[in-house]
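# Survey of secondary and tertiary structure
Listed below are the residues making up each chain.
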Amino acid sequence: WADVRQNHQHLRINLGCKPATLDPRITRTDNSHITVKMLYEGLTRMGPDKKPQLAIAKEVSLSSDCKTYTFILRESYWTDGSPITAYDFLYSWLKVLETQSQSIYSYTLHVIKNAKKAQHKLVPLDQVGIQAIDDKTLVVTLEYPVPYFLELTSHWTYLLINARIDKDHPGWAYHDGDTYISNGPFQLKEWNHERKIVLVKNPYYWDASNVKLEKITISMEDNPHTELKMFAQGEIDMTSSLINGLPLAQLQKNVSSEEIVSLP
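Residues numbered from 1 in each chain as written. Predicted model: local features only at pLDDT ≥ 70, side-chain atom pairs only at ≥ 80, totals over all residues. Heavy atoms only, no water.

## Here's the deal with the sheet that holds strand S10 (residues 215–219)
Strand order in the open sheet formed by 4 strands is S1-S10-S9-S8, with mixed pairing between adjacent strands. The open sheet has two free edges, formed respectively by strand S1 (10–14) and strand S8 (186–192), since each of these has just one partner strand. Strand after strand, the sheet turns through a mean of 20 degrees between neighbouring axes, direction not considered. Pairing of S8 with strand S9 (residues 196–201), which is carried by 6 bridges, proceeds in the antiparallel orientation. Counted as the bridge partner of Glu-190 is Val-198 from S9. (Pairing = 2+ DSSP bridges. Helix = DSSP H or I, 4+ residues; strand = E, 2+ residues; numbered from the N terminus. Axes fitted to C-alpha atoms, helices over the stretch in contact; angles between N-to-C directions.)

## Things to note about the pattern of salt bridges
Following the criterion strictly, the structure yields 7 salt bridges and no others. Residue Asp-166 is joined to Arg-25 by a salt bridge in which the shortest nitrogen-to-oxygen separation is 3.1 Å. Of this pair, Asp-166 sits in helix H6 (residues 163–168) while Arg-25 sits in the loop between S1 and helix H2 (32–39), and the two are 141 residues apart along the sequence. Of the two residues examined, Asp-166 and Arg-25, each falls in the buried class. Each of Asp-23, Arg-25 and Asp-166 takes part in salt bridges that share partners, so that together they form one network. (Salt bridge = Lys/Arg side-chain N within 4 Å of Asp/Glu carboxyl O. Buried < 20%, exposed > 50% of the residue type's maximum accessible area, 1.4 Å probe, protein only.)

## A word on helix H7 (residues 224–232)
Because each turn of an α-helix spans 3.6 residues, side chains separated by three or four positions in sequence point in the same direction. Every buried residue of H7 is listed here: Pro-224, Glu-227, Leu-228, Met-230 and Phe-231. Buried positions in H7, seen along its axis, are confined to an arc of 155 degrees and lie on one side of it. Measuring from the backbone nitrogen of His-225 back to the side-chain oxygen at the start of H7 gives 2.8 Å, which picks out Asn-223 as the cap. Residue Gly-234 follows H7 closely and has a positive phi angle near 80 degrees. (Arc of directions from axis to C-beta. Polar contact = N/O pair within 3.5 Å; in protein donor to acceptor, adjacent residues only side chain to side chain.)

## Some remarks on the pairing of S1
Along S1, 5 of the 5 residues are buried, which leaves the element largely enclosed by surrounding structure. Going residue by residue along S1, you find His-10, Arg-12 and Asn-14 tucked away on one face and Leu-11 and Ile-13 tucked away on the opposite face as well. Bridging between S1 and S10 involves 5 bridges; their strand directions are parallel. Note on S10: the bridge partner recorded for Leu-11 is Ile-216.

## Quick look at the sheet that holds strand S6 (residues 130–134)
Spatial strand order, S4-S5-S7-S6: 4 strands in an open sheet with antiparallel pairing. Looking at strand neighbours, the two that pair on one side only are strand S4 (57–62) and S6, the edges of this open sheet. Adjacent strand axes in the sheet meet at a mean angle of 20 degrees, parallel and antiparallel pairs treated alike. The pairing of strand S5 (residues 68–73) with strand S7 (residues 137–141) spans 5 bridges and is antiparallel. For Phe-71, the partnering residue across the bridge sits in S7 and is Leu-138. Its contacts with the sheet place helix H3 (residues 86–98) against S5, S6 and S7, and it is angled at close to 160 degrees to S6. (Contact = heavy atoms within 4.5 Å.)

Now the structure itself:
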């Protein structure tokens, strides 16, 4: 964490994978979902206590039968400065159901009324229990009470994409540039597919005052031995080998116990 301690506010990490896309709808179980969660934020986000916090939603109410959620959105913006609306969530979630073959986590939407039927083309998409009442009001009706629904809304499949960009530039999620628009604490600055991803603080993020990092550089080294060497030489501040794991023998030799953090 040397750079952070020196107040450079530049975090360097390695994710051990080369994501084919940074589209939250089709992110898979590799480490690319970590990058997606840096770039996007949904109605809720998971807090340090592992409980959902309100994010793009500033208020939420639940009906007496525990099946209908009404979300009131806060003033928030895309990285191009355009406002986020409830219609963005409506478009994004229905698009997941419509393009079912690409999203392996589309089943997480099946708790929503008629979502599973719509995905299997048994009912039209307009019968799915998602309504944008106006720019700031999103109403979601479930098939049955789901006590963990707010946790689900923090999952990357429930994130939103920019409808205008998605319609006008179908390949937006495969490269950097002006057509990559997101809404999270960081925005995409550079994407060298074979080497690194560079993110910078998003000035349009609704909670930008609480984002301390100015920059995140993400390496994509998939060899855990090389990754550990990069850490030992000070080239990265943090490893994240969730797929292959780190070589234990080298880990015990080259890394102090204070530098190892274990999580459940």
